[in-house]
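Structural overview
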Amino acid sequence: MSRFITIFVSLAVINNFILVRFLGLCSFFGVSKKLSDALSMGLAVTLVMVVAAVVTWLINHSVLIPFGVEYMNIIIFILVIASLVQMVELYIKRTNMTLYNAFGIYLPLITVNCAVLGITLINASENYSIAESIVAALGGGVGYAIVLIIMSGIREKLELTDPPKSMRGLPVAFLTAMLLGLAFFGFGGMV
Amino acid sequence: MVRFWRELIKGVVISNPVFALVLGLCPTLAVSTSLDNALGMTAGVLFVLLGSNIIISLIRKAVPNIVRIPVFIVVIATFVTVINLLFHAYVPSLYESLGIYLPLIVVNCIVLGRAEAFASKNPISSSIADAIGITIGFALALIIISFFRALLGTGNISVLGRNLFSFPGLTKDPIVLFILPSGAFLVIALLLALFRWTGVMKE
Amino acid sequence: MKLSTSRFYPIILLTIVVFLSVVLIIATNTITQGRIQDQQAQQIQGMLKKMFPDMDKYTLQNEIYTLYATDQARIGYAFLATGKGYGGDISILIGLENETTVKAISIISQSETPGLGDRITGSSFLNQFDGVSIDSVKLKRNGGQIDAITGSTISSSAVVNAVRITALEKVQALSATSK
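Residues numbered from 1 in each chain as written. Chains lettered and ligands numbered in written order. Predicted model: local features only at pLDDT ≥ 70, side-chain atom pairs only at ≥ 80, totals over all residues. Heavy atoms only, no water.

1. What about the overall build of chain B?
The helix and strand inventory of chain B stands at eight helices and two strands. Taking 2.2 N^0.38 as the reference for a compact globule, 203 residues should give roughly 17 Å; the C-alpha atoms of chain B span a radius of gyration of 18 Å, in line with that estimate. If you line up chain B on its principal axes, its C-alpha atoms span 60 × 45 × 30 Å. Counting all 203 residues of chain B, 58% fall into the buried class. Long-range contacts, defined as pairs at least 24 residues apart, comprise 72% of the intrachain contacts of chain B with a sequence gap of at least 6. Summed over all atoms, the accessible surface of chain B reaches about 8,200 Å², with 71% contributed by carbon and sulfur. One finds the centroid of the 13 positive side-chain charges in chain B at a distance of 10 Å from the centroid of its 7 negative side-chain charges. (Helix = DSSP H or I, 4+ residues; strand = E, 2+ residues; numbered from the N terminus. Rg over C-alpha atoms; globule rule 2.2 N^0.38 Å. Buried < 20%, exposed > 50% of the residue type's maximum accessible area, 1.4 Å probe, protein only. Contact = heavy atoms within 4.5 Å. Areas by Shrake-Rupley, 256 points an atom, 1.4 Å probe, with all protein chains shown as cover. Lys, Arg positive; Asp, Glu negative; His and termini not counted. Charge placed at Lys NZ, Arg CZ, Asp CG, Glu CD.)

Set out below in structure tokens:
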């Protein structure tokens, strides 16, 4: 049990996907302008990460490793993620239109989100068991969502401030990320 | 030929992938802790971008729209796997320090973005120019960022194991913040603001 | 009917692309495979050689490397240990002169804070372990012989504890097998 907690905490806060590993940055600055968007994106990414972790683990351990072709993992994993995202999109579209309207536009973005491919590669290189992989994916996703949500809350307030002209928009967002990163740095040494 | 140079320069300055378009941030920020990493990443991106741009430009007329993206992803992932194996075999120390950021070139927005926006619509020669220009632009950004991070964060600038110069005082008491992940955000924030302030780049 | 207008054309094309890609990857792997394996073997051999300059060959049993000089005399043991640092796992190679004394240690990989915790890779920290008896591999404030790095107690004690605990375990395993 303590091993799962260690993995979760380590991926969620200490080695936070956005602030420390810089995974999923493109979507981070794109969708962290509004709190509601950040919430949907965070949930969607976490969901896809967990499903991708399970599927790639199964493929890795039932096909790639037995046949000794682990070096194929990059191409296989990205194809799995791409088709997975497509299936999730279709499924949500058929079953729940409200959910689709909330998530739909983010799903294609998730295919090229480094966080998803990142977690599958981390799981493979750390040789995690299936349970550990799921916990790692959850940790990574939760860490991603937390930072995205905090960031969007701050950026909503930032909209009301009046920074120097050349700092407006992205530069100030990067500075916010820096301060958040320093704050999260304090979590180091927890496990 | 004029067109070749125009595409090349466009990639370096006007549509600099990092500073102007703010694309491909994960590798830019993650590997900018030393110039060696920056150069290694550049080599990786050049190989993948050049390869995928050439192949995609070659087959652009044969690929039907419905399988366009899957075909692009397969092509890009192939080149990434190849460079991954080559780095592992021939420059193991670089392979270690780039870690998962080397395979993550697959999902680098720059590479897929160029395939989709440029190579799939243009002939080979301009696709090559585009790949080279974009890579130079990417390399420039990466080198500038890692220069400041390494200099202020460690006090030393070294390339390929050779120490180019040390900043007196900083070597003993470096400003650790710059080499921390947060330092990457700080440097890119200040650089972007500087470019806008001096008018090199528009908002 | 032209091929490019056929309903199956997209699928056929995708299959061809995937096939070519797999061929290219397998070809690259065949070329690089040997080198990658050599490299890993050489890396360990290089690190052992650096630690034990007299080493001629080694055997690997139960994750313990036993090292021999040219005259077949046993000159020491080496094994890997993992410590829990500030930023994650620290992987350490430990060399023992005999069952009680450390020969040297080296850090294989770590993700400690740059400029602070990552000074565990510096020689001024690592050299303190040379020739110290396993029981004294503790921080000075815990009655041992190792100076912690200022401002990086977690990283320092992670290394120290991993070295002492793993070394004691391995020595026990060695004496169990020799009996």
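2. What to know about the interface of chain A and chain B
Across the contact, 36 residues belong to chain A and 36 residues belong to chain B. Taken together, the two surfaces of chain A and chain B that pack against each other cover about 3,200 Å², and 84% of this comes from carbon and sulfur. It is A:Phe22, A:Ile74 and A:Phe174 that lose the most area in chain A upon contact with chain B, and together they represent 21% of the buried surface on that side. Inspection of the region where chain A meets chain B yields zero salt bridges. The tally of links between chain A and chain B comes to four residue pairs in polar contact (both at pLDDT 80 or more). Mapped onto the side of chain A that touches chain B, the elements with two or more residues apiece are helix H2 (25–31), helix H4 (73–95), helix H7 (114–126) and helix H9 (170–185) of chain A. By residue number, the principal contributor to the side of chain A that touches chain B is H9(A), which donates nine residues. (Buried area = accessible area lost by both parts, 1.4 Å probe. Salt bridge = Lys/Arg side-chain N within 4 Å of Asp/Glu carboxyl O. Polar contact = N/O pair within 3.5 Å; in protein donor to acceptor, adjacent residues only side chain to side chain.)

3. Notes on the sheet that holds strand E2 (residues 64–69) of chain C
Residues and elements named next belong to chain C. Ordered in space as E1-E2-E3-E4-E5, the five strands form an open sheet in which the pairing is antiparallel. Here the strands that pair on one side only, and so sit at the sheet edges, are strand E1 (55–61) and strand E5 (102–109). Sheet twist, expressed as the mean angle between neighbouring strand axes with direction ignored, is 25°. Where E2 meets strand E3 (residues 74–84), four bridges bridge the pair, whose relative direction is antiparallel. Note on E3: the bridge partner recorded for threonine 66 is tyrosine 77. Helix H1 (residues 9–51) rests against E1, E2, E3, strand E4 (89–96) and E5 of the sheet, and its axis sits at about 120° to E1. (Pairing = 2+ DSSP bridges. Axes fitted to C-alpha atoms, helices over the stretch in contact; angles between N-to-C directions.)

4. Notes on the environment of A:Leu107
Residues and elements named next belong to chain A. Note that leucine 107 resides in helix H6 (residues 107–111). For the pair leucine 107 and isoleucine 122, spaced 15 residues apart in the sequence, the C-alpha separation amounts to 22 Å. Setting aside chain neighbours within four positions, we find leucine 107 in contact with Val48, Val85, Val88, Glu89 and Ile92.

5. Side note on the packing of aromatic side chains
Applying the stated criterion across every chain yields a total of nine aromatic pairs over all chains. Aromatic pair B:Phe19 and B:Phe195: ring centres 4.8 Å apart, planes at 65°, arrangement edge-to-face. Of the two residues, B:Phe19 is situated in the loop between helix H1 (2–14) and helix H2 (25–30) and B:Phe195 in helix H8 (residues 181–198); the sequence distance between them amounts to 176 residues. Neither residue differs from the other here; B:Phe19 and B:Phe195 are each classed as buried. For the pair B:Phe47 and B:Phe79, a centre-to-centre distance of 5.9 Å together with 75° between the ring planes defines the contact as edge-to-face. On the criterion of sequence distance, the pair formed by B:Phe47 in helix H3 (residues 35–59) and B:Phe79 in helix H4 (residues 68–90) is long-range, its members being 32 residues apart. Its relative accessible area of 30% is what places B:Phe47 among the partly exposed residues. Here a set of aromatic residues connected by ring pairs shows up, and it is made of A:Phe22, A:Phe174 and B:Phe185. If you follow C:Lys57 out to its NZ or CZ, it ends over the ring of C:Tyr68, 5.1 Å from the centre. (Phe/Tyr/Trp six-rings, centres within 6.5 Å; stacked < 30°, edge-to-face > 60°. Lys NZ or Arg CZ within 6 Å of the ring centre and 35° of its normal.)

6. Overview of the pairing of E2(C)
Residue and element names in this part refer to chain C. For E2, the tally of buried residues reaches five of six residues, placing the bulk of the element in the interior. In terms of strand pairing, E1 meets E2 through six bridges, oriented antiparallel. If you follow leucine 60 over to E2, its bridge partner there is tyrosine 65. As consecutive antiparallel partners, E1 and E2 are separated by two residues, and within that stretch asparagine 62 has a phi angle of approximately 50°, a positive value. Taking the residues between adjacent antiparallel strands as the criterion, E2 and E3 are bridged by four residues, where glutamine 72 takes a positive phi near 70°.

7. Quick look at the confidence of the model for chain B
Within chain B, residue pLDDT values average 87, and 98% of them lie at 70 or more. Per-element confidence in chain B is highest for H3(B), whose mean pLDDT is 94, and lowest for H1(B), whose mean pLDDT is 75. (pLDDT = per-residue confidence, 0-100.)

8. Overview of the layout of surface pockets
Considering only enclosed or pocket space, the second largest pocket measures out at about 1,000 Å³ in volume. Considering the residues around the second largest pocket, the lining is formed by 40 residues, among which A:Pro108, A:Leu109, A:Thr111, A:Val112 and A:Asn113 are closest to the centre. Looking at the lining of the second largest pocket, the elements with two or more residues in it are H2, H4, H6, helix H8 (130–158) and H9 of chain A together with H4 and helix H6 (109–119) of chain B. Tallied by class, the residues present in the lining of the second largest pocket amount to 25 nonpolar, ten polar and five charged. (1 Å grid on protein atoms, 1.4 Å probe; cavity = no way out; pocket = protein on both sides within 12 Å on 5 of 7 lines; lining within 4 Å. Points joined across faces, edges and corners; volume = space filled by probe spheres on them. Nonpolar A, V, L, I, M, F, W, Y, C, P; charged D, E, K, R; others polar.)

9. Points about the pairing of E4(C)
All names here are of chain C. The buried fraction of E4 is high, at six of eight residues. For E3 and E4, the ladder comprises eight bridges, and the chain directions are antiparallel. Within E4, the residue paired with leucine 80 across the bridge is leucine 93. Taking the residues between adjacent antiparallel strands as the criterion, E3 and E4 are bridged by four residues, where glycine 88 takes a positive phi near 140°. With six bridges connecting them, E4 and E5 associate as antiparallel partners. Each bridged residue has a counterpart across the sheet, and for serine 91 the counterpart in E5 is serine 109. Connecting E4 to the next strand, E5, in antiparallel fashion are five residues.

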